[in-house]
Amino acid sequence: MIVLFYNRKTKNRISTAWMYIAISFVVLLPFILGLGLYFKSSLLFSENSLGDLLFSKVWKPSIGKFGFLTFIMGSVWVTFIAMLISAPICIFAALSITQYSKKFYLKIIHPVIDILAGLPSVVYGVWGIIVVVPFISTVIAPLFGAQTMGYSILAGAIVLSVMIIPFILNILIEIFRTIPIELTEASLSLGATKWETIKYVLLKKALPGIIASLGFGLARAFGETMAVLMVVGNMVQIPKNVFDAGYPLPALIANNYGEMLSIPKYESALMFAALILFVVVMVFNALMRMLIVRYDKY
Amino acid sequence: MNENTKIKVEHLDLYIGKQHILKDINIEIPENKLTIILGPSGCGKTTLLKCMNRLTDLYHDVKINGSIFIDNEDVLHTKTDVTEIRKKMGLLSQRPFPLPMNIYNNVAYGLKISGRRNKKALDARVENYLKQVNLWDEVFDRLHEPASKLSIGQQQRLCLARGLAVDPEIILADEPTSALDPISSETIERKFEELKQQYTIVMVTHILRQARRIADYVIFMYMGEVIEQGPAKEFFENPKMERTKAYLQGAFN
Ligand SMILES: Nc1ncnc2c1ncn2[C@@H]1O[C@H](COP(=O)(O)OP(=O)(O)OP(=O)(O)O)[C@@H](O)[C@H]1O
Ligand SMILES: [Mg+2]
């Protein structure tokens, strides 16, 4: 009896200790990552000011000029347009699936989402090259009187949006499904139409969740590498319109990592690119949380 | 139709999937009276109530036959304007569900939706209805706070106020006191006794004692059927059906 008791106590202690270790590890992970990146990119800081690094567009590694503006703008453009495409699609799709469709659609949407979310990003990249790129060069660009090979910000954004739609949609469906039906009933019984109910009640109730899901999608889009890299053109220039090629940060890292490691400053520059991605995602997360708290009063 | 009948249900059958939920319901609900729907859990009280303002439209896979006349208009008729019908009825659910907006807008919501935007008129109406449910004194200085900050009892009164604000003729209440403390329950009960001068009230309840206290007219349901209906006095003192007697003696509880 006593042995058993002792055993249970020890086990309990060990498992408690283990949980603390696991938690601290998870909590510390971002800091470890961030610090690592910071030290690795410190070589770059010693010779360039932060302002120059972030806001100069001169990228001439051979003469030691590392301006990241082109890449930052590449990332911003691709992500922004991807969100512009996917956000309305996801919100309307989630509403139509949860509010307007037969139960059948709710049943089939989940396997569909799982498949889409599970595809490796290189598959999306290939799809982009085979379908999206030619479609842009032969159909969309001529429509706007533009000329392009198709490898462009728009191609990257379209591929990206298709990639993040399953993630955002998945969360949104869950959010709309968990809004109590009584809220809809209350609004309808006050003489509101279904659309008014959605506009004034459901969307408002879901707002914190919508922000969270879009933020989640945005963070993913900002960091997505492979699929974008394959279709975005990778030219060191600030895109002037969506048909221009661009060069987002993750693509910069992935394209140059192996060969450029021999040049310490270049390596440091790539680490800095990673640090930018890291900081943006962190800051973005914090902002999102603030927004969620701000709108989560109902 | 009886002259004082406000709601008349005729041969109402409701199926969800293959389940036969409401079976040949025939009832007459008198105007400006408090009608109580009694019955054990799962017998279809909520479903019957929701048929009246067509919230059953939200159900999946539902089939409804029969008619529900309100002032000689068949609610279930597909050509009927659902939003107009629903405005005739205020709904109070089992637990309060304030709309995701502030206290003021919870009451003003129905009015704003039907196009009334005059600020002064709205203010006056909001005040009026909050007073009617004895909530004004408790909230007049925080009308612009989220309604979710109120206590459950206050929320339920707010839900009553927002229902009254659209000028209904009927109040549908589904166990409106079941989530409330005794004092809040009593407030609602007393309010109902007052309101029945102007409104036809249909209220579902589990609580026999509550039914005895406030009912004018009683409908007793069992397994999707209406077993007995009649004036409260007669119903409680002289029930005709065996099932009713058994229920009144507490056999199902
Ligand atoms: N949306 C729905 N889908 C399928 N079945 C339903 C649905 N709503 C109700 N039912 C079924 O209809 C029957 C009647 O339900 P209802 O909620 O009307 O009962 P009730 O008398 O209000 O019960 P309670 O006193 O517990 O609230 C139950 O057997 C229930 O399982
Ligand atoms: Mg019920």
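Residues numbered from 1 in each chain as written. Chains lettered and ligands numbered in written order. Predicted model: local features only at pLDDT ≥ 70, side-chain atom pairs only at ≥ 80, totals over all residues. Heavy atoms only, no water.

Counting secondary structure elements, chain A contains 12 helices and two strands. Projected onto its principal axes, the C-alpha coordinates of chain A cover approximately 75 × 70 × 35 Å. In chain A, which comprises 298 residues, the share counted as buried stands at 43%. Residue pairs in contact within chain A that sit at least 24 positions apart in sequence constitute 73% of those at least 6 positions apart. Carbon and sulfur atoms form 72% of the exposed surface of chain A, whose accessible area is close to 16000 Å². Each charge class in chain A was averaged separately, 22 positive and 12 negative side chains, and the resulting centres sit 8 Å apart. (Helix = DSSP H or I, 4+ residues; strand = E, 2+ residues; numbered from the N terminus. Buried < 20%, exposed > 50% of the residue type's maximum accessible area, 1.4 Å probe, protein only. Contact = heavy atoms within 4.5 Å. Areas by Shrake-Rupley, 256 points an atom, 1.4 Å probe, with all protein chains shown as cover. Lys, Arg positive; Asp, Glu negative; His and termini not counted. Charge placed at Lys NZ, Arg CZ, Asp CG, Glu CD.)

As a further point, take the packing of helix α4 (residues 69-100) of chain A against helix α11 (residues 249-260) of chain A. Residues and elements named next belong to chain A. Running from amino to carboxyl end, α4 crosses α11 at an angle of 120°, the nearest separation of the two axes being 7 Å. Comparing their axes, α11 and α4 come out oblique. Facing α4, whose interface residues are Phe-71, Ile-72 and Ser-75, α11 presents Leu-249, Pro-250 and Leu-252. Looking at the contact of α4 with α11 residue by residue, the class counts come to five nonpolar, one polar and no charged. (Axes fitted to C-alpha atoms, helices over the stretch in contact; angles between N-to-C directions. Parallel < 35°, antiparallel > 145°, perpendicular 65-115°, else oblique. Nonpolar A, V, L, I, M, F, W, Y, C, P; charged D, E, K, R; others polar.)

Residues and elements named next belong to chain B. Around ligand 1, the surrounding shell consists of Ile-16, Gln-19, Ile-21, Ser-41, Gly-42, Cys-43, Gly-44, Lys-45, Thr-46, Thr-47, Glu-175 and His-206. Measuring from an oxygen atom of ligand 1, one finds a backbone N or O atom of Gly-44 at 3.0 Å. Between ligand 1 and Glu-175, the relevant distance is 3.5 Å, taken from an oxygen atom to a side-chain nitrogen or oxygen of the residue. A total of 630 Å² of accessible area belongs to ligand 1 in isolation, and the protein chains cover 64% of it. (Near = heavy atom within 4 Å. Polar contact = N/O pair within 3.5 Å; in protein donor to acceptor, adjacent residues only side chain to side chain.)

Turning to the interface of chain A and chain B, a few remarks are in order. The interface of chain A with chain B comprises 26 residues on the first partner and 24 residues on the second. If you look at where chain A meets chain B, you find one salt bridge. In this structure, Glu-185 of chain A and Lys-50 of chain B form a salt bridge, with 2.9 Å as the shortest nitrogen-oxygen distance. When contributions to the side of chain A that touches chain B are tallied by element, the ones reaching two or more residues are α8 (181-189) and α9 (194-223) of chain A. Sort the elements by how many residues they give to the side of chain A that touches chain B and α8 of chain A lands first, with nine residues. Considered class by class, the residues forming the side of chain A that touches chain B number 10 nonpolar, seven polar and nine charged. (Salt bridge = Lys/Arg side-chain N within 4 Å of Asp/Glu carboxyl O.)

Take the domain arrangement of chain A next. Residue and element names in this part refer to chain A. Domain annotation of chain A identifies domain 1 (2-46) and domain 2 (59-296). The interface is formed by 11 residues belonging to domain 1 together with 13 residues belonging to domain 2. Both sides together, the interface formed by domain 1 and domain 2 hides about 980 Å², and carbon and sulfur atoms give 84% of it. The tally of links between domain 1 and domain 2 comes to one salt bridge. For Glu-267, the salt bridge identified is with Lys-40, shortest N-O distance 3.7 Å. There are three residue pairs in polar contact (both at pLDDT 80 or more) connecting domain 1 and domain 2. Among the elements of the structure, α1 (2-40) and α2 (42-47) are those that each provide at least two residues to the side of domain 1 that touches domain 2. By residue number, the principal contributor to the side of domain 1 that touches domain 2 is α1, which donates six residues. Within the side of domain 1 that touches domain 2, the residues separate by chemical class into seven nonpolar, three polar and one charged. (Domains from an automatic or database assignment. Buried area = accessible area lost by both parts, 1.4 Å probe.)

The biggest cluster of nonpolar side chains holds 86 residues, and the ones touching the most others in it are Phe-68 and Leu-172 of chain A. Per-element tally for this core: the top contributor is helix α7 (residues 153-178) of chain A, with 16 residues. Residues within four places of Leu-172 of chain A in sequence aside, it is in contact with Cys-90, Ile-91, Ala-94, Ile-210 and Ser-213 of chain A. In terms of nonpolar packing, the next biggest core, distinct from the first, is built from 48 residues, Leu-92, Trp-136, Ala-147 and Phe-220 of chain B among them. (Core = buried A, V, L, I, M, F, W, Y, C linked by side-chain atoms within 4.5 Å.)

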